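Coordinate inspection notes
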Amino acid sequence: MEEAVAHSMRDSMVNDYLKERLERLKDNSEGAVADYIPELAAADDSPFSVAICTTNGQVYAEGLNDGDVDLEFTIQSMSKPFAYALALEERGVEEVAKYVGVEPSGEAFNELSLEGETKRPMNPMINAGAIAINQMINGEDSTVEERVEKIRQFFSKLAGRELSIDEDVSTSEIETSDRNLSIAHMLRSYGMVNDSAHDAVESYTKQCSIKVTVSDLAMMAATLANGGVQPQTGERVCGRLVARHVQAVMASAGMYNGAGQWMATVGIPAKSGVSGGIMGTLPGRLGLAAFSPKLNEKGNSVRAKKLFQTLSWDMGLHLMEAEAHGRVCVRSITSEEVPAADKGIKTTVRLQGDIDFSAAENFWRIIQDHGIPSKTLFLDLEKVDQVNAIGNEMLKEAKSRLTKAGYNVTIVDPDKVLK
Ligand code: DON
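Residues numbered from 1 in each chain as written. Predicted model: local features only at pLDDT ≥ 70, side-chain atom pairs only at ≥ 80, totals over all residues. Heavy atoms only, no water.

Per an unreviewed UniProt entry, the recorded name for the protein is Glutaminase, and the organism is Corynebacterium urogenitale. The UniProt entry for the protein carries this comment under Catalytic activity (unreviewed entry): "L-glutamine + H2O = L-glutamate + NH4(+)". (UniProt positions renumbered as here; feature names shortened; annotations may be inferred.)

See below:
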């Protein structure tokens, strides 16, 4: 009983906050639904929802109206980072980079533009890059159906449930895709696309028509934020370096010609879609998504954008707003007499928290400044939560240097945090 009360209290704190923020923005009626895809033009513009998924797999989702949280909408351009992750998984960073760059273009999402010398699309977030990326998935000989199925399965793993395609939206868009067909023809003329322009656009459009809820998006984003491991299923969906690479490109190019302003004010690597969603990742912390169909002149949801700005501010989510790292990694340094057999005194240095470069550097400097008053040294890691690769290397190097200097070093590591 007590446990149930504690549980509902914990849930309600974040949910109540999210609900209150949705309410505050409910009267904002600026913008208009995307009208270049007939099915989207006919969409209800009232839904407004938000979801957060932590890297521990806890999801908090809220909607303004009944049913908003469970509403499925098409993923549209928010598919681009995830398809990019799949192409990187299949082909590797170097191979993909031969066809698509990682520079922000500063242009609208559907610009017919390529990099001057290489003739590659500038990045995978604009349509030219996304169409080329789509074509790299499942091999050159793949049929449209096989490629789309591969993408659908990958997105389903990211979301932790089976996703499906909105055939009405994709058919409706394919009938009005002159712009994307021009891009595909342009890519074909430079050898960036093998399929016919029609097949390339059909495959890309179906990728954009995969249906998600706001919670699905938050979980997909959280998988990237969690270094490629889906936080609820525990499945490794993509590599750590792939997740890092995708988020870096989202940070610089995800919001197209508004990317600089977005990073400066909101500070969350993000991607928007013309259905009205915005999803973002906070590396190591959480995935975030918001949905409201009315868009501004740059094609970003008006209310979702405002909500991201508010949440980033309230919750201190701006990537550049870093807390001081590793400053308190040395919990204590004590010396005590040991029985005569051990000849004299021993010193114990107790570390705490996460040991990364900053913490290890801090530890090494402190023990040198402090000095070690005995030749017997215990390095106690009992209160250390985790040690990353460089922290691990530096602690081992510290032990080896101390040993060479004549100290008798014992590492106390009951939870085996050191590799
Ligand atoms: O390429 C298109 O036109 C769409 N299917 C996706 C565009 C999109 O979502 C742009 N994002 N803000």
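Considering all chains together, one arrives at 19 salt bridges under this definition. Measuring nitrogen to oxygen at the nearest pair gives 3.4 Å for the salt bridge that ties lysine 206 to glutamate 202. Here lysine 206 and its partner glutamate 202 are both found in helix α9 (residues 197-208), four residues apart, which amounts to about one turn of the helix. Each of Glu20, Arg21, Arg24 and Asp314 takes part in salt bridges that share partners, so that together they form one network. (Salt bridge = Lys/Arg side-chain N within 4 Å of Asp/Glu carboxyl O. Helix = DSSP H or I, 4+ residues; strand = E, 2+ residues; numbered from the N terminus.)

Before going further, it helps to spend a moment on the sheet that holds strand β7 (residues 286-291). Ordered in space as β2-β1-β7-β6-β5, the five strands form an open sheet in which the pairing is antiparallel. Both edges of this open sheet fall to β2 (59-63) and β5 (270-272), since each of them pairs with a single strand only. When the angles between neighbouring strand axes are averaged without regard to direction, this sheet yields 10 degrees. The sheet contact formed by strand β6 (residues 277-282) and β7 spans six bridges and is antiparallel. (Pairing = 2+ DSSP bridges. Axes fitted to C-alpha atoms, helices over the stretch in contact; angles between N-to-C directions.)

Let us now look at the packing of helix α7 (residues 167-174) against α9. For the pair α7 and α9, the least separation of the axes is 9 Å and the interaxial angle reads 145 degrees. Regarding α7 and α9, the two cross each other, and that crossing is right-handed. Mapping the contact onto sequence places Glu167, Ser170, Glu173 and Ile174 in α7 and His198, Glu202, Thr205 and Lys206 in α9. Within the contact of α7 with α9, the residues separate by chemical class into one nonpolar, three polar and four charged. (Left-handed = near helix turned anticlockwise from the far one by under 90°. Contact = heavy atoms within 4.5 Å. Nonpolar A, V, L, I, M, F, W, Y, C, P; charged D, E, K, R; others polar.)

Time to look at the environment of alanine 34. Here alanine 34 shows up in the loop between α1 (2-24) and α2 (38-41). Of the residues examined, alanine 34 reaches a relative accessible area of 8% and is grouped as buried. For the pair alanine 34 and glycine 273, spaced 239 residues apart in sequence, the C-alpha to C-alpha distance is 9.9 Å. When sequence neighbours within four positions are dropped, the list of residues in contact with alanine 34 reads Leu40, Ala41, Val274 and Leu295. (Buried < 20%, exposed > 50% of the residue type's maximum accessible area, 1.4 Å probe, protein only.)

Looking now at the sheet that holds strand β9 (residues 345-355). Across a sheet, paired strands are connected by hydrogen bonds in the backbone, their directions being either parallel or antiparallel. Spatial strand order, β8-β9-β10-β11: four strands in an open sheet with mixed pairing. The outermost strands of the open sheet, each flanked by one partner alone, are β8 (330-337) and β11 (408-412). On average, each strand axis in the sheet is inclined to that of its neighbour by 20 degrees, with strand direction left out of account. When strand β10 (residues 376-387) meets β11, the two strands line up parallel, connected through five bridges. When the bridges of β11 are listed, leucine 379 appears paired with isoleucine 411. Across the sheet, helix α15 (residues 389-404) touches β9, β10 and β11, and the angle it forms with β10 is around 180 degrees.

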